[in-house]
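Below are the chains, spelled out letter by letter.
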Amino acid sequence: MKIENKNRKYITVKGIVQGVGFRPYVYRLAVQNNLKGWVKNTSGGLYIDVEGKEVNVENFLAEIKNNPPKLSKVAEIYVEDRELANYEKFEIKKSNGAEGRVTLISPDIGICEDCINDIKNIENRRYKYPFTNCTNCGPRYTIIKGLPYDRYATSMSEFVMCSECGNEYENPLDRRFHAQPTACHICGPKIELVDSRGNKVLREDIIKEVVRLLKKGVIIAIKGLSGFHLACDAKCEKAVEKLRDRKNRPTKPLAVMIKDIYTVKKYCNAINIEEKILGSERKPIVLLNKKNDLLLHNIAPNNNKLGVMLPYTPLHQLIFDEGVDVLVMTSANQSGMPIIYKNDDAVESLKNVADYMLIHNRDIYIPVDDSVSMVVLGEERVLRNSRGYAPININHHMSNEILACGSHMKNSIALSKADNIFVSQYIGDVENIETYDRVSKIIEHFKSIYYIKPEVIAVDMHPNYWSSEYIKEQNIRHIEVQHHHAHIVSCMVENKVEDKVIGIAYDGSGYGTDRKIWGGEFFICNYSTSERVGHLNYLGMPGGEIVIKEPWRMAVSYLYKVYGDELDNILPESLRVKEISNLKSMLRHSMNIIDTSSVGRLFDAIAVILGFTGEVTYEGEAAIFLEYICDQNETSSYDYNIQLIDDEYIINTDNMVKELMGDINVNVKKEIIARKFHNTLIDFSVHMCELIYDKKHIKKVVLSGGVFQNQILLTGIYEKLISKGFEVYTHKLIPCNDSGISLGQLVIANEIIHKNSPLW
Ligand code: ZN
Ligand code: ZN
Ligand code: FE
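Residues numbered from 1 in each chain as written. Chains lettered and ligands numbered in written order. Predicted model: local features only at pLDDT ≥ 70, side-chain atom pairs only at ≥ 80, totals over all residues. Heavy atoms only, no water.

Engineer: A description of the overall build of the protein chain should follow, citing residues and the corresponding values.
Structural biologist: Tallying secondary structure elements over the protein chain gives 22 helices and 31 strands in all. Relative to a compact globule of 760 residues, whose C-alpha radius of gyration would be 27 Å, the protein chain shows 28 Å and is just as compact. Considered along the principal axes of its C-alpha atoms, the protein chain spans approximately 100 × 65 × 50 Å. Here the protein chain, with 760 residues, has 62% of them falling under the buried criterion. (Helix = DSSP H or I, 4+ residues; strand = E, 2+ residues; numbered from the N terminus. Rg over C-alpha atoms; globule rule 2.2 N^0.38 Å. Buried < 20%, exposed > 50% of the residue type's maximum accessible area, 1.4 Å probe, protein only.)

Engineer: Run through the pairing of strand β30 (residues 700–704), naming residues and quoting values.
Structural biologist: The buried fraction of β30 amounts to 5 of the 5 residues, a majority that puts the element mostly inside the structure. Burial of the side chains of β30 extends over both faces: Lys700, Val702 and Ser704 are buried on one face and Val701 and Leu703 on the other. Of the strand pairs in this sheet, strand β23 (residues 501–511) and β30 are connected by 4 bridges, and their pairing is parallel. Opposite glycine 503, over in β30, you have valine 702 as the bridge partner. By the bridge criterion, 3 bridges tie β30 to strand β31 (residues 727–729) in an arrangement that is parallel. Its bridge partner lying in β31, lysine 700 is registered against glutamate 727. (Pairing = 2+ DSSP bridges.)

Engineer: An account of the coordination of the zinc ion (ligand 2) is requested, with residue identities and associated values reported.
Structural biologist: Distances from the zinc ion (ligand 2) to its protein donors, Cys162 (SG), Cys165 (SG), Cys184 (SG) and Cys187 (SG), fall at 2.2 to 2.3 Å. Taken together, the 4 donor atoms coordinating the zinc ion (ligand 2) span angles of 104 to 117° at the metal, a pattern that classifies the geometry as tetrahedral. Within one chain, the residues serving as donors to the zinc ion (ligand 2) are arranged as C-x2-C-x18-C-x2-C. Taken as a pair, cysteine 162 in the loop between α3 (113–120) and α4 (163–170) and cysteine 187 in the loop between α4 and β6 (191–195) lie far apart in primary sequence, 25 residues in all. Cysteine 187 carries the same exposure label as cysteine 162, and that label is buried. (Donors = N, O, S within 2.8 Å, 3.2 Å for Na, K, Ca; no water. Tetrahedral: all angles 85-135°; square planar, octahedral: opposite > 155°, others 65-115°.)

Engineer: Explain the side chain of asparagine 737 to me, using residue names and the numbers behind them.
Structural biologist: Relative to the assigned elements, asparagine 737 resides in the loop between β31 and α22 (741–754). By relative accessible area, asparagine 737 is classed as buried at 2%. Here glutamine 709 takes part through its side chain, which lies 2.8 Å from a polar atom of the side chain of asparagine 737. Here serine 739 takes part through its side chain, which lies 2.8 Å from a polar atom of the side chain of asparagine 737. Those residues in contact with asparagine 737, other than ones at most four positions away along the chain, are Leu383, Lys410, His487, Gly706 and Gln709. (Polar contact = N/O pair within 3.5 Å; in protein donor to acceptor, adjacent residues only side chain to side chain. Contact = heavy atoms within 4.5 Å.)

Engineer: Any details on the coordination of the iron ion (ligand 3)? Residues and values, ideally.
Structural biologist: Note on the iron ion (ligand 3): its protein donors are His483 (NE2), His487 (NE2), Asp507 (OD) and Asp738 (OD). The metal-donor distances range over 1.9 to 2.3 Å. Relative to the metal, the 4 donor atoms surrounding the iron ion (ligand 3) lie at angles of 86 to 157°, and the coordination shape comes out irregular. Of note, the iron ion (ligand 3) draws all its donor residues from one chain, in the sequence arrangement H-x3-H-x19-D-x230-D. Taken together, the positions of histidine 483 in helix α13 (residues 483–494) and aspartate 738 in the loop between β31 and α22 put the pair 255 residues apart, joining distant regions of the chain. Each member of the pair, histidine 483 as well as aspartate 738, carries the same accessibility label: buried.

Engineer: Run through the sheet that holds strand β20 (residues 420–423), naming residues and quoting values.
Structural biologist: Reading across the sheet, the 6 strands line up as β17-β20-β19-β18-β21-β22 and stay open at both edges, with mixed pairing between neighbours. Either end of the sheet is taken by a strand with one partner, and the two such strands are β17 (392–395) and β22 (477–481). Averaged over all pairs of adjacent strands, the angle between strand axes in this sheet comes to 20°, irrespective of strand direction. Pairing analysis gives 5 bridges linking strand β21 (residues 456–460) to β22, with the strands arranged parallel. Directly across from isoleucine 457, in β22, lies its bridge partner histidine 478. Lying on the sheet, helix α11 (residues 433–449) is in contact with β18 (402–404), β19 (414–417) and β20; it crosses β19 at an angle near 15°. (Axes fitted to C-alpha atoms, helices over the stretch in contact; angles between N-to-C directions.)

Engineer: Got a sec to walk through the pattern of salt bridges? Specific residues and values, please.
Structural biologist: Within the structure shown, the criterion is met by 42 salt bridges. A salt bridge links arginine 125 to glutamate 168; the shortest N-O distance between them is 3.3 Å. You can see arginine 125 sitting in the loop between α3 and α4 and its partner glutamate 168 sitting in helix α4, a full 43 residues away along the chain. Judged by relative accessible area, which is 24%, arginine 125 ranks as partly exposed. For glutamate 168, a relative accessible area of 14% puts it in the buried group. Linking lysine 695 and aspartate 647 is a salt bridge whose minimum nitrogen-to-oxygen distance equals 3.3 Å. You can see lysine 695 sitting in helix α20 (residues 670–696) and its partner aspartate 647 sitting in the loop between β28 (641–645) and β29 (648–652), a full 48 residues away along the chain. (Salt bridge = Lys/Arg side-chain N within 4 Å of Asp/Glu carboxyl O.)

Engineer: So what's going on with helix α19 (residues 654–665)? Residues and values would help.
Structural biologist: If you check α19, its first and last C-alpha atoms are 17 Å apart, about what 12 residues at 1.5 Å a residue would give, namely 16 Å. Buried residues of α19: Asp654, Met656, Val657, Leu660, Met661 and Asp663, and no others. Each element contacted by the buried residues of α19 is listed here: α14 (552–563), α17 (599–609), β29 and α20. Taken from the residues just after α19, asparagine 667 is the one with a positive phi, measuring 60°. (Expected span 1.5 Å × (residues − 1).)

Engineer: Let's hear about the sheet that holds strand β5 (residues 90–92): which residues, and what values?
Structural biologist: The mixed open sheet is built from 5 strands, whose spatial order is β4-β1-β3-β2-β5. Pairing within the sheet leaves two strands with one partner each, and these edge strands are β4 (73–81) and β5. Direction aside, the axes of adjacent strands within the sheet are offset by 15° on average. The sheet strands contacting helix α1 (residues 22–32) are β1 (6–16), β2 (36–42), β3 (45–53), β4 and β5, and the helix crosses β5 at an angle near 175°. Contacting β1, β3 and β4, helix α2 (residues 54–66) crosses the sheet at an angle of about 150° to β3.

Engineer: Describe the domain arrangement of the protein chain, and please don't skip the residues or the numbers.
Structural biologist: When the domains of the protein chain are assigned, the result is domain 1 (6–92), domain 2 (105–189), domain 3 (191–373), domain 4 (391–483) and domain 5 (507–729). On a C-alpha basis, the centroid separation for the pair domain 2 and domain 5 is 52 Å. (Domains from an automatic or database assignment.)

Engineer: Give me the environment of proline 181: which residues, what numbers.
Structural biologist: As for its placement among the helices and strands, proline 181 is situated in the loop between α4 and β6. In contact with proline 181, not counting residues within four places along its chain, are Asn133, Pro139, Arg140, Ile143, Tyr149, Arg151 and Met156.

Engineer: An account of the packing of α13 against α22 is requested, with residue identities and associated values reported.
Structural biologist: When two helices pack together, you describe them by how their axes are tilted relative to each other and by the distance separating the axes. One way to put it is that α13 packs onto α22 with a least axis distance of 7 Å and a crossing angle of 90°. Taken together, the axes of α13 and α22 are roughly perpendicular relative to one another. Seen from α13, the contacting residues are His483, His485, Ala486, His487, Val489, Ser490 and Val493; seen from α22, they are Ile741, Leu743, Gly744, Gln745, Val747 and Ile748. (Parallel < 35°, antiparallel > 145°, perpendicular 65-115°, else oblique.)

Engineer: Go over the pairing of strand β13 (residues 326–331) with me, naming the residues and quoting the values.
Structural biologist: Each regular strand displays side chains that alternate between the two surfaces of the sheet. Where burial is concerned, most of β13 is hidden: 6 out of the 6 residues are buried. Both faces of β13 are covered, namely the face carrying Val326, Val328 and Thr330 and the face carrying Leu327, Met329 and Ser331. Here 5 bridges tie strand β8 (residues 228–233) to β13, and the two strands are oriented antiparallel to one another. Pairing of aspartate 233 across the sheet is with leucine 327, part of β13.

If you want it as structure tokens, here you go:
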């Protein structure tokens, strides 16, 4: 028998290939090409063994390379020739796990068009079924307890499929072939409505009842894909006020979920790319520019932006189908606590917040908040990596298995194995035992699903971060990484920049090597080293960290630096009501003062001088106020000074403060002053880069730190640097704020070990 035109290939596909419909896709492709053999999922990737006519095998391979399933992310494909095995059919083999391998996990995916059609179609057996999903959509990361990704290793294991679901699940030509969370009315999870004491509310149509209650102004906790939301009618002022009051959240913007993109455009401007991100399968909250005041002011007060998302689960879809347009949908947690995801906890902790709870019996194994993105300079910038995005996988050469603990606020953690870095979702501010436990749970989960045994732990230098407690409990060596070096390196890694760069780190606070609080820093750095070459002048924080909540203290500090005891004569309106003599004496005697070079604190000070009177109740509140009031067209700026002191360039802000106070004296509009302030920051940032370039001849500039969430600043500094011939790198996938830090810590620690640096 002639066999020369027959061919057998053994193919390994790595990347996100599980839970994305890869096996049925391969099956269909093999059958179409008349190939025999098998496909199998393992924790090391997807293995395919095929044989058939050479031309068919080539077609098959080309298809996999060029048109893999939409949700998959193919990282590598290896192809080997093998002796013919004379298979008789093509089959999908059972999955098996194997230690020592790396498999990527798919994030959760918003409901797909086909599933939306199923639940809207009265003829379909999943009509109005709130847990409808398929291989193209539904929960993944949040229900996975272990790998390989199979139903028994998820929180769907307790639901036994009915025969119809079973048939679909077994049929390679069905959209639900091996869709692990597949279910229906008969066999799957169910919703339930309970009151604030946990008593069941019996209604024929629960969804209709929920919508009726929402329209009455009631607050309902809704269990979603990855945690609980608190929902209320966004058009009902009383409900929104009640929610703010009960959550003790006076001004922090609330996210809304809007029925569809047409309705979104009634309230917000959305450019093309924003529309695409909103509608993508990741379904994040996108910060959009408000169009008008059609929506209540108290949803996002003193803010140009509104956080908007579209319905992303069948349950949401069904609620909106009953006739609501816009719901406030904010993560359900008690102030400062991590997101709630268990039914019992919801009843216990939300009884004083929610009037009712819409719960269900599909357990969430790993809780995840909603992701947040914004578009600046034409590109998506993720501000919070969570549902739909996490876990993040980054390909980077790593020589060690390391755990990076991340920051204290806006924490995320990261772990490495072989050439993979896994960054967790945003976890929250690790300020209480509950969040500490949550971080620990996620660390353990990552270690177990990816089979990682960290040899080293990377932590921030700050002595009072949660991680300094954590490392005491672990019997593993640790490496301390400076906060802002980690910021810059996280941006370098995401942009694949390896050579020396000028790093600008602007943020609220980070512990410096001189034990002062940094946050307006210029470095020359690479992955392993950083040299501080300049910074914003040091200012005293009267009373220490309390200034973060009480920004007026920083205003006094900035004014005192310029005017000394004369400052009484120039006090702006917002400070006249404050008792400042005590502060003055603290500053005069340098008592109870911690020095800071933070740009975040500079923003706070100027915001207060321009009329921000309250306390800061959420991070960045004063800075957001300042950006909010900015005039859009003003181009002038204030004077400043850069002095070379001990080989560091120090930005002196005295002239800026003087000129700004001068403007206030002659009643220049605060919108103009705020913009001139922003322009000044842009000016001196670029000026610093020019000075550093003259000395070091480095053209690459990396921008990182939470202050770069400020759109005017990011755009201004970026564009001006580009116009001067610099190459500028910014954050996109990894947040510029502290939840991006774990990635930087990990790579720095790896480099320190690898280079056997003295720090090791
Ligand atoms: Zn689907
Ligand atoms: Zn079923
Ligand atoms: Fe930071």
